[in-house]
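Descriptive structure summary
So you can see what is in the structure, the chains are spelled out below.
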Amino acid sequence: MRRSTALALAVLALPLAAQGINGGVYTGLSLPVGDLKDKSDYGTNQFFGAHVGGHLDFVITQNHEVRAHVTYEKFPGSGWGGGNDWKNDFSAFQVGADWVYHFEGPRSGWYTVAGASINSIKDDYSGNGFSGSASQSGKLGVRGGGGYSFTPNFSLEGTLNQIFTDKNGNDGFGFDTATWAQVSAVFRFGR
């Protein structure tokens, strides 16, 4: 059974590789901004977070590409000081797609990114002798930015990301949007 499944996947992968489908991984820093960072007692109160992800690239034309991606974000928190000293550790899991436009051609020079994602975001909080968590799933996210491909297999990329969250309720975060800047080293496999 395993051999036949592996053989079937290999046979299917050959024509896909010929159609300009490649993949890769990326990682880097995530910098929370706005309420996600500095809303007193609700934000992370930290300057840096980190992310890791993977992507599949579908080349449409010389300049256009669609990129499917999954990303895990981690925003560690620190206390706000004062009497209650609330701490919020946020994490997010994204599944999305980006439209990538290459100005000079595939995998060379400058490019732009515009995309949308479905997100699951969680806040593990503690303070004033209490601890708990709040989570929201199925939240829409958008992002945009750009990058530069130094080689066909390596580029640096920056994006501004935003998830639309619920402010109130049992799993409310106390703010309507979670926003962060993301700086990534992008590694691509294949040709």
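Residues numbered from 1 in each chain as written. Predicted model: local features only at pLDDT ≥ 70, side-chain atom pairs only at ≥ 80, totals over all residues. Heavy atoms only, no water.

1. A word on the sheet that holds strand β7 (residues 154-164)
Keep this limit in mind: Pairs of strands are assigned from DSSP output, requiring at least two bridges between the strands. Runs of E in the DSSP output that reach at least two residues are strands. Runs of H or I that reach at least four are helices, and both are numbered from the N terminus. Lines are fitted to the C-alpha atoms to define the axes, a helix being fitted only along its stretch in contact, and any angle between axes, read from their N-to-C directions, falls within 0 to 180 degrees.
Strand order in the closed barrel formed by eight strands is β1-β2-β3-β4-β5-β6-β7-β8, with antiparallel pairing between adjacent strands. The average undirected angle you get between the axes of adjacent strands in this sheet is 25°. Relative to strand β2 (residues 49-59), strand β1 (residues 21-33) runs antiparallel, the two being bridged by ten bridges. Of the residues in β2, the one forming a bridge with Gly23 is Leu56.

2. Describing the nonpolar core
Rule in force here: For our purposes a nonpolar core is just a set of buried Ala, Val, Leu, Ile, Met, Phe, Trp, Tyr and Cys residues, chained together by side-chain atoms within 4.5 Å. Three exposure classes are used, based on accessible area relative to the maximum for each residue type with a 1.4 Å probe and protein chains only: buried under 20%, partly exposed in between, and exposed over 50%. Any pair of residues with heavy atoms lying within 4.5 Å of one another is described as a contacting pair.
By size, the foremost hydrophobic cluster in this structure holds eleven residues: Leu36, Phe75, Phe90, Ala92, Ile121, Ala134, Ile163, Phe173, Phe175, Ala178 and Trp180. Excluding residues within four positions of it along the chain, Ile121 makes contact with Phe90, Ser91, Ala92, Ala134, Ser135, Gln136, Ile163, Thr165, Phe173 and Ala178.

3. Here we look at a nonpolar patch on the surface
In plain terms, the rule: By definition, no residue in a patch forms a salt bridge, and every one has over 30% relative accessible area; like charges are joined within 9 Å, nonpolar side chains (Val, Leu, Ile, Met, Phe, Trp, Tyr) within 5 Å. Accessible surface is estimated by sampling points in the Shrake-Rupley manner with a 1.4 Å probe; for residues, cover comes only from the protein chains shown. The salt bridge definition used is simple: a Lys or Arg side-chain nitrogen within 4 Å of an Asp or Glu carboxyl oxygen.
Side chains of Val52, Val70, Tyr72, Phe93 and Val95 sit close together on the surface and give an oily, nonpolar patch of about 430 Å² of accessible area. When residues of the nonpolar patch are traced back to their parent elements, those giving at least two are β3 (64-75) and β4 (87-102). Counting through the fold element by element, Val95 comes out in strand β4.

4. Let's talk about the side chain of Arg188
Relative to the elements of secondary structure, Arg188 occurs in strand β8 (residues 177-189). Classification of Arg188 by relative accessible area gives buried; the value is 4%. Sequence-distant contacts of Arg188, defined by excluding residues within four places in its chain, comprise Gly23, Gly24, His55, Asp57, Arg107, Tyr111, Ser149, Pro152, Asn153, Phe154 and Ser155.

5. Side note on the pairing of strand β6 (residues 130-151)
Across 19 bridges, strand β5 (residues 109-127) lies against β6 in antiparallel orientation. In the sheet register, Asp124 faces β6, and the bridge partner there is Ser133. Between β5 and β6, which pair antiparallel one after the other, the connecting turn spans two residues, and Asn128 there sits at a positive phi close to 60°. In terms of strand pairing, β6 meets β7 through ten bridges, oriented antiparallel. Its bridge partner being in β7, Gly145 is matched across the sheet by Thr159. In textbook terms, the turn of a hairpin is the stretch between consecutive antiparallel strands, and for β6 and β7 this stretch comprises two residues.

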